[in-house]
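# Commentary on secondary and tertiary structure
Letter by letter, the chains look like this.
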Amino acid sequence: MIAQNNVRSTNNDPVESSESFPITGGANGVGTSRLFRQFGSLFSSPAPTTDPAGYVEFGSISDPVASSGRTLGTFAGVFCPVALSMFSALVFIRVGFIVGNAGLYVTLLQFIIAYVILLFTVSSVCAISTNGAVEGGGVYFMISRTLGPEFGGSIGTLFFLANVVGCGLAISGCAEGIIQTFGPTDGTGSGSIPDGRWWRFLYCSSLNTLMLIVVLIGAEMFAKTSMMILGVVVICLLSTYISFLTQGPMDVSIPHENSLVNFTTARYTGLQADTLWANLHANYTKDYTSNGNQVNFAVVFGVLFSGVTGIMAGANMSGELKNPSKSIPAGTLSAVLFTFLCYMALSVLIAATTTNTLLQNNFLFLGPINLWPTFVTIGILTATFSTGLSNLIGASRVMEALAKDRVFGPLMSFVVKGTYKSNPIAAVIASWVLVETILLIGSLNTIAQINSVLFMLAYLATNLACLGIEITGAPNFRPTYKYFSWHTAFIGLLGTAIMMFVINSIYALSSIILCLLLVIALHLFSPASQGAQWGSISQALMFHQVRKYLLMLDSRKDHVKFWRPQMLLLVSSPRSCCPLIHFVNDMKKGGLYVIGHVKVGEFVDNDSSSDPTIEEYTQWLSLVDHMKVKAFVELTLSRSVREGIQHLIRISGMGAMKPNTTILGFYDEEQSKDFFEYEDSPYKTNEFDGNGVKLFPYRKSGESKSLGVVEYVRIIDDVLRMRKNLCLCRHFHRLDKQMIARNNHIRYIDVWPVNIFEPKNEDPFDVVSQFMMQLACIINMLPVWKKLELRVFLCESETVSENSAAFERPAEHRLDQRLKLLRISASIHKIPEWNKDIDFAKHRNILKQFTGNSDSNQVMAEENINRSKLYMQRINQIIRDRSNATAVTFMYLPTPPAAPSVDYKEKCHHYLDLLTELTFDLPPTILVHGIDAVTSTTL
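The following paragraphs examine the structure supplied in this document.

Scoring rules and cut-offs
- Residues numbered from 1 in each chain as written.
- Predicted model: local features only at pLDDT ≥ 70, side-chain atom pairs only at ≥ 80, totals over all residues.
- Heavy atoms only, no water.
- Pairing = 2+ DSSP bridges.
- Helix = DSSP H or I, 4+ residues; strand = E, 2+ residues; numbered from the N terminus.
- Axes fitted to C-alpha atoms, helices over the stretch in contact; angles between N-to-C directions.
- Parallel < 35°, antiparallel > 145°, perpendicular 65-115°, else oblique.
- Contact = heavy atoms within 4.5 Å.
- Nonpolar A, V, L, I, M, F, W, Y, C, P; charged D, E, K, R; others polar.
- Phe/Tyr/Trp six-rings, centres within 6.5 Å; stacked < 30°, edge-to-face > 60°.
- Buried < 20%, exposed > 50% of the residue type's maximum accessible area, 1.4 Å probe, protein only.
- Core = buried A, V, L, I, M, F, W, Y, C linked by side-chain atoms within 4.5 Å.
- Polar contact = N/O pair within 3.5 Å; in protein donor to acceptor, adjacent residues only side chain to side chain.
- Expected span 1.5 Å × (residues − 1).

All right, on to the sheet that holds strand β15 (residues 725-730) then. Across the sheet, ten strands lie side by side as β11-β10-β9-β12-β15-β20-β19-β16-β17-β18; this open sheet has mixed pairing. Each edge of the sheet is formed by a strand with only one pairing partner; in this case those strands are β11 (632-638) and β18 (827-830). On average, adjacent strands in this sheet sit at an angle of 25° to one another, irrespective of strand direction. Summarising the sheet, strand β16 (residues 748-752) and strand β19 (residues 886-892) pair through five bridges and their orientation is parallel.

Here it is in structure tokens:
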């Protein structure tokens, strides 16, 4: 049924309390080192903050003193972890390998390319971190609050795994350094410590356990450890620079495991122009540590980049930072600049002092040529140990954030319960166990590439998040970091994607597929409904694209060839019309579908209550979700149902996407049925029965209609005068799609293209009948309805008796040709008793009185009224006799009586009475009246 005014105005409803967002006090970044104050000019104002649910509030950064458990400043919390992670084992072990194979020119170029892309990725990190308060979880928090829970959860999971694998790699590198220093040196097995697969696993497990102890003590202890280790690494690196400048020529031995060459020493020349000249160009050879595999540009670049993937180490500590929105950008940029200068200087000094032969055949040559060789050993051990420590703490923090957000439901609830004084003990232990599992694999050369690709994927997602939100033009995206734009995000995104495939295309593709699988799994099965709280960039992107294409969609360019039904279904209570809502969803054929509802009441000026439709709108959206239909919802508040329907017809849709067909329920006295409570109903639910109040009330037995007959007929007239196609639907409470699908008794969709009130031989070919056949054909194209046969009944009335035989055959032939031209597969059935039992000529003028074609001054006689009812009952019997196996019937809707006219109210009642008699006890029936042509026979 259409909307009735049994819904009450809520003028006396209390005003909804809005959630407030107070402005908090500022912070000066206590604990920031003087070294990083120069970066203060990068930030024009304090960043907006967010509450734990992700809502943005604009003001200063929250007071760090009020943030419990936040104790770290920029230097200890960001600079040290990032610098140490970017040094890792590369600074002491792999730079010589890179220069010796790629040459100085290519090495410098690769460092520049890597750091440019890292810089752009850091720019995206800075943009996100200065656009709102960053909670614990670092990269995961940033991505999930920008891209949404599905992408954020999947990328966060991969980033967690990357940290776990990275920790295992660092521990293995540390163990390698120990064995190289204290293990066997001549292949005889003699040395301070034994070597072997399980001995190496023991050393790795011991280092992993030592890291566990440090991390369990807490983030503050980790920060102190990082500061101390960074100091040691810097001292060791300085000793290397001094050695390059002071050491003279010498011979350096080749490691015994290098079986690719037959010489035992190679030359270190000290600073010499000839050595520098010889090392300028690439000279790729074989790698003695990987069974003699050939080295090329991709291998060298993969090794280089795997050593500088630590730019997120500071972001991982976001939960312990006093002022993350300031510390993350300043500390990360400082560490990137510092490590870049160190690597460039080290590359130049190596190329100028060490022969190509030594660089390619002894990756640990820095020890023998150092003035104090022990410093290099200490540097290797401390750099790798700190990298592993940073990855372990990062993995535990990301895991804690995933658990708090319930991304995987109760599966990770133990992590939340296992937190003590802001330190996620359970997450740390779980990460430690996973690292032990990685160490059991043994050789991690292949896993190292996977680790790099996983980090790349996290960087790609960060750039993608910033690029997407920048493209959408969201006004609340206002990072205070000055040097971010969509260009920087795009370059970072493109460069990261290229690097993933340069490092290893198979692993890159596998990681992307794994990420997509996680996205799909989280979307389908995750119990966390955080999308509305966090916000999802997909909504912003869809809004941006939909708006753009709606502006491009021009109604002046519409063509009948591409016509599709755009439905506006007017509903009073969805409880009683669930089958109709589903049926219209089928009939829309990919077009617009709007469910409209009129709430009767007034919006009084001096009333402080809010618009009652605002609260109800969410309930109607839940209804759409429950019904699983692809529909929009439009609600309006009006003094009458008629006026409200006029509002909905005018304002529903947007631009060229506006409804062209209005659908109403039929006005009758049949008892409404509650499909939400009916036991065998496929729509049964208790979702809308909360706190003893039933949402969407409907007219119960004994209650009178609040919508009058005259107003209903005027609504019909309004729809037609507003140039909208019209459908009146009756008996749809009998529609059962499940029975149609499984029952072979129901076999037909019927179309009756004849205006019963004023029958003519041209009725099957007019606009109304063509629209009727189009709707029936659309329904017949759908899976459930496709098995039914479409029948068109030819109801041809006699004109002049002597010419009747001449006209009979051409009409059927014309209809058959028209159906073929319209590509409508239907059978034509003539009604033999149509002319035998019914005198159309006698009833035509009588029935015209009840339509818009009548003479407005003609007075109805009681005898004519009774005769017309008998006529309708006879027509109804003819239709019923042929509807035993019919699923849906489409019939011709005559125009309502025109207003104003003599006895207009009586004509409205008789018009509706005749339609009631016509459709009595039929299958689900649609009375159709089309306005414009909707079919085309041309290409």
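For the rest of this paragraph, the subject is the packing of helix α23 (residues 709-721) against helix α30 (residues 904-918). Following both chains from N to C, one finds α23 and α30 inclined at 80°, their axes separated by 9 Å at the closest point. Between α23 and α30, the angle falls in the class roughly perpendicular. Where α23 approaches α30, its residues V709, V710, Y712, V713, R714 and I716 are matched on the opposing element by Y904, K905, C908, H909, Y911 and L912. Of the residues in the contact of α23 with α30, the class split is nine nonpolar, one polar and two charged.

Turning our eyes to something else, we now look at the packing of aromatic side chains. All told, the structure shown has 26 aromatic pairs when counted by the stated rule. A centroid spacing of 5.9 Å and a plane angle of 70° characterise the contact between F87 and Y343, whose relative ring orientation is edge-to-face. Of this pair, F87 sits in helix α1 (residues 74-87) while Y343 sits in helix α10 (residues 324-353), and the two are 256 residues apart along the sequence. Residues F87 and Y343 agree in their burial class; the two are buried. With a centroid separation of 5.6 Å and an interplanar angle of 75°, the aromatic rings of F583 and W785 are classed as edge-to-face. One end of the pair, F583, is in helix α20 (residues 578-587); the other, W785, is in the loop between α25 (767-780) and β17 (789-794), with 202 residues separating them in the sequence. According to the relative accessible area criterion, F583 is buried, its value standing at 0%.

Looking now at the nonpolar core. Formed by 148 residues in total, the largest nonpolar core has its most connected members in F92, F244, F305 and Y343. When residues of this core are assigned to their parent elements, the largest contribution, 22 residues, is made by helix α2 (residues 90-129). Setting aside anything within four residues of it in sequence, one finds F244 in contact with Y268, L271, L346, L349, I350, T353, T354, F365, L366 and I369. Grouped together as the second largest cluster of nonpolar side chains are 63 residues, I581, M627, A631 and V934 included.

Glancing now at helix α8 (residues 297-306). For α8, the buried fraction is high: seven of the ten residues fall into the buried class. For α8, the full list of buried residues reads V300, F301, G302, V303, L304, F305 and S306. For α8, the capping residue at the N-terminal end is N296, with a side-chain oxygen 3.1 Å from the backbone nitrogen of A298.

In this model, K628 sits at a positive phi of 55°, which is unusual for a non-glycine residue. With respect to the element layout, K628 can be found in the loop between α21 (612-627) and β11. A residue is classified by how much of its surface remains accessible, and K628, at 68% relative accessible area, is exposed. Unlike most non-glycine residues, R723 shows phi in positive territory, near 60°. Its place among the elements puts R723 in the loop between α23 and β15.

What follows deals with the side chain of T332. Here T332 is to be found in helix α10. Ignoring sequence-local partners within four residues, the contact set of T332 consists of V78, V82, V122, I311 and S327.

Mapped onto the fold, L775 is located in helix α25. On the accessibility criterion, L775 (0% relative accessible area) is buried. Along the sequence, L775 and F890 sit 115 residues apart, while their C-alpha atoms lie 8.6 Å from each other.

Residues spaced three or four apart along an α-helix point in a common direction, a consequence of the helix completing one turn every 3.6 residues. Here helix α15 (residues 425-439) contains 15 residues, and its C-alpha end-to-end distance of 21 Å stays within 8% of the 21 Å for a straight helix at 1.5 Å per residue. Those residues of α15 hidden inside the fold are in contact with α4 (149-182), α5 (197-217), α13 (373-404), α14 (413-417) and β8 (423-424).

To continue, consider the pairing of β15. The two faces of the sheet receive side chains in turn, since in a regular strand these alternate between them. Taking burial as the measure, the six residues of β15 include six buried ones, the bulk of the element. Side chains N725, C727 and C729 project from β15 onto one buried face, and the interleaved L726, L728 and R730 project onto a second face that is buried too. Two strands pair when backbone bridges link them, and strand β12 (residues 661-665) and β15 are joined in this way by five bridges, in the parallel orientation. Paired with G665 across the strands is C729, a residue of β15. Bridge count between β15 and strand β20 (residues 925-929): five bridges; the pairing is antiparallel. Residue pairing in the sheet places R730 in a bridge with T925 of β20.

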